[in-house]
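Structure assessment
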Amino acid sequence: PLSLEEVRMLVELFYLPYHHGALAQELLEHFRWLRANSLSVGVPATAPDACGVRLVRAELQEGACPSWLTPMLLAASAFVLWLGCQSITAPILLGRDAEPWARRGGLFGELQALLPVGNSCDLFYHPPPLFPSSQTYLLRPLLPLDKEGGGCSEVAVGQSGLQAQLSCAPALAARLLGPFLSLSPEYTFVLEDEGGPCGYAAGALHAEGFLQQQDSSWLPAIRHKYPPDLGTGGPALGQDALEEAVLFFHAEPRAVPLPVLRRFPSLVQLGTAPRVLDVGASRSLALCLLSALRANGSRGVFCQVRDADRQQLSFYSKLG
């Protein structure tokens, strides 16, 4: 059942056509204040507990947001948290406003306008879920503890539907996220539910340099760590996934055509575990990553998907 505070928030979200209720207005003001002052209230990226989310206006996370966070609130709050870990004092905004009919009205539209990708209307379309659910999600920037404590392995393994205890988890995580964690960790976001990490979004602002570093330094190191004969041992649970990861490391990466890199200078990669049925959560991941890249000046992104990977092709298609 809804609490009294949640009913009040629901009423005030739809208070009057051009006027918010007190709680909704306070929530919007918190987001605006946090975005404008993110540098002074966040944690320096060089601190041991970087992205520790020590925000002065902590009530935004502790009580101002309703428990049934919408994808829009998820994306906006995670973007603010990410800003607090960066040195960007003024994120880039689009040069011109969207047409009036391109953006929803009310609080949703004003929160959308706070993100640098506020005109990307396809990403803000959230159809009703096929199955009603009370599942809540947390969306946040990558923490140093994620790499040390195996959180990224849980995300990667969960996406493949395997058990988190499998010995192939580090190899699978390295295949999906290794280059991003090593070369571009500042553009990585983690989605969590009650069961733990269940999704990720990773990006590289300058894909051309990122891919060159991947081929010259990261791949040689990972090939030394996972030699070609590693995945050919005796049969074991998860052995197929380990073999596939090792083959991936030792295959020659396909070159990205220069016209693609010129028109779409940033690389993105997203994924969620099979248990994430809410497309809105996936869209929030995409919104967060694209907002972070856009705030640093990116004008376009591309992703790399195998022709035979129908699951991943369907995933990106659903994002619009």
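This section reports on the structure supplied with the text. If you're wondering where the values come from, they're calculated on a predicted model, not measured in any experiment. (Residues numbered from 1 in each chain as written. Predicted model: local features only at pLDDT ≥ 70, side-chain atom pairs only at ≥ 80, totals over all residues. Heavy atoms only, no water.)

1. Let's talk about the packing of helix α2 (residues 22-36) against helix α5 (residues 71-83)
To keep it simple, the criterion reads: To get an axis, fit a line to the C-alpha atoms, keeping to the stretch in contact for a helix; angles then go from 0 to 180 degrees between the N-to-C directions. A run of H or I in DSSP counts as a helix once it spans at least four residues, and a run of E counts as a strand once it spans at least two, with each numbered from the N terminus. Working rule for angles: under 35 degrees goes down as roughly parallel, over 145 as roughly antiparallel, 65 to 115 as roughly perpendicular, anything else as oblique. Helix crossings fall into two classes, left-handed where the near helix is turned counterclockwise from the far one by less than a right angle and right-handed where it is turned clockwise. Whether two residues are in contact is decided by their heavy atoms: any pair within 4.5 Å suffices. Each residue is assigned to one of three groups, with Ala, Val, Leu, Ile, Met, Phe, Trp, Tyr, Cys and Pro labelled nonpolar, Asp, Glu, Lys and Arg labelled charged, and all others, Gly among them, labelled polar.
Where α2 meets α5, the closest approach of the two axes is 9 Å, and the angle between their N-to-C directions is 30 degrees. Considered as vectors, α2 and α5 are oriented roughly parallel to each other. Both α2 and α5 take part in a crossing whose hand is left-handed. On α5, the residues that touch Leu27, Phe31, Leu34 and Arg35 of α2 are Leu73, Ala76, Ser77, Val80 and Leu83. The residue inventory of the contact of α2 with α5, partitioned by class, reads 7 nonpolar, 1 polar and 1 charged.

2. Re a nonpolar patch on the surface
Stated formally: Here, patches come from residues exposed beyond 30% relative accessible area and free of salt bridges, joined within 9 Å for like charges and within 5 Å for nonpolar side chains (Val, Leu, Ile, Met, Phe, Trp, Tyr). To be clear on the numbers: accessible area is Shrake-Rupley with a 1.4 Å probe, and residue cover counts the displayed protein chains and nothing else. A pair is scored as a salt bridge if a Lys or Arg side-chain nitrogen falls within 4 Å of a carboxyl oxygen belonging to Asp or Glu.
Taken together, Leu2, Val7, Leu10, Val11, Phe14, Tyr15 and Leu16 make up a surface patch of nonpolar side chains, about 710 Å² in accessible area. For Val7, the position within the fold is in helix α1 (residues 4-13).

3. Regarding the nonpolar core
For clarity, the threshold we go by: What we call a nonpolar core is a set of buried Ala, Val, Leu, Ile, Met, Phe, Trp, Tyr and Cys residues that are connected through their side-chain atoms within 4.5 Å. Exposed residues in this analysis have more than 50% of their type's maximum accessible area, buried residues have under 20%, and partly exposed residues fall in between, with area computed by a 1.4 Å probe over protein chains only. Annotation comment: domain bounds sourced from an automatic or database domain assignment.
If you look at the biggest cluster of nonpolar residues, it comprises 47 residues, and the most contacted ones within it are Phe31, Trp82, Leu111, Leu139, Phe189, Leu191 and Leu270. Looking at this core element by element, the count peaks at 10 residues for α5. Structurally, this core is a two-domain feature, drawing no fewer than three residues from each of domain 1 (4-42 + 56-88 + 103-123) and domain 2 (137-318).

4. A few points about empty space enclosed by the protein
How we decide: Using protein atoms alone on a 1 Å grid, points that fit a 1.4 Å probe yet trap it form a cavity, whereas open point sets bounded by protein on both sides within 12 Å along at least five of seven lines form a pocket; residues with an atom within 4 Å of a point count as lining. Grid points are joined across faces, edges and corners, and a volume is the space filled by probe spheres set on the points.
As enumerated under the stated definition, the model contains 1 cavity of 30 Å³ or more in all. Looking at the largest cavity, the residues that line it are Phe31, Arg35, Ala76, Phe79, Val80, Leu114 and Leu115. With 3 residues, the single largest contributor to the lining of the largest cavity is α5. Of the residues belonging to the lining of the largest cavity, the class tally is 6 nonpolar, no polar and 1 charged.

5. Concerning helix α13 (residues 279-295)
Quick reminder: α-helices carry 3.6 residues per turn. Residues three or four places apart thus point the same way. Note the threshold: Expected helix span is given by 1.5 Å per residue-to-residue step, counting one fewer step than there are residues. Residues adjacent in sequence count toward polar contacts only when both atoms are side-chain atoms; beyond that, a polar contact is any pair of N or O atoms within 3.5 Å, and within protein one must be able to donate a hydrogen and the other to accept it.
Across its 17 residues, α13 extends 24 Å between first and last C-alpha, which sits within 8% of the 24 Å expected from 1.5 Å per residue. Where α13 begins, the side chain of Asp278 points an oxygen toward the backbone nitrogen of Gly280, at a separation of 2.8 Å.

6. What to know about the pattern of salt bridges
Here the idea is simple: oppositely charged side chains can pair when their charged atoms come close. What the rule picks out here adds up to 5 salt bridges. Taking the shortest distance from any N to any O, the salt bridge between Arg275 and Asp193 comes out at 2.7 Å. Pair noted here: Arg275 is in the loop between β4 (266-272) and α13 and Asp193 is in strand β2 (residues 188-193), with a separation of 82 residues, a long-range link. Judged by relative accessible area, Arg275 falls into the partly exposed class, the value being 41%. Notably, a salt bridge pairs Arg223 with Glu252, separated by 3.7 Å at the nearest N-O pair.

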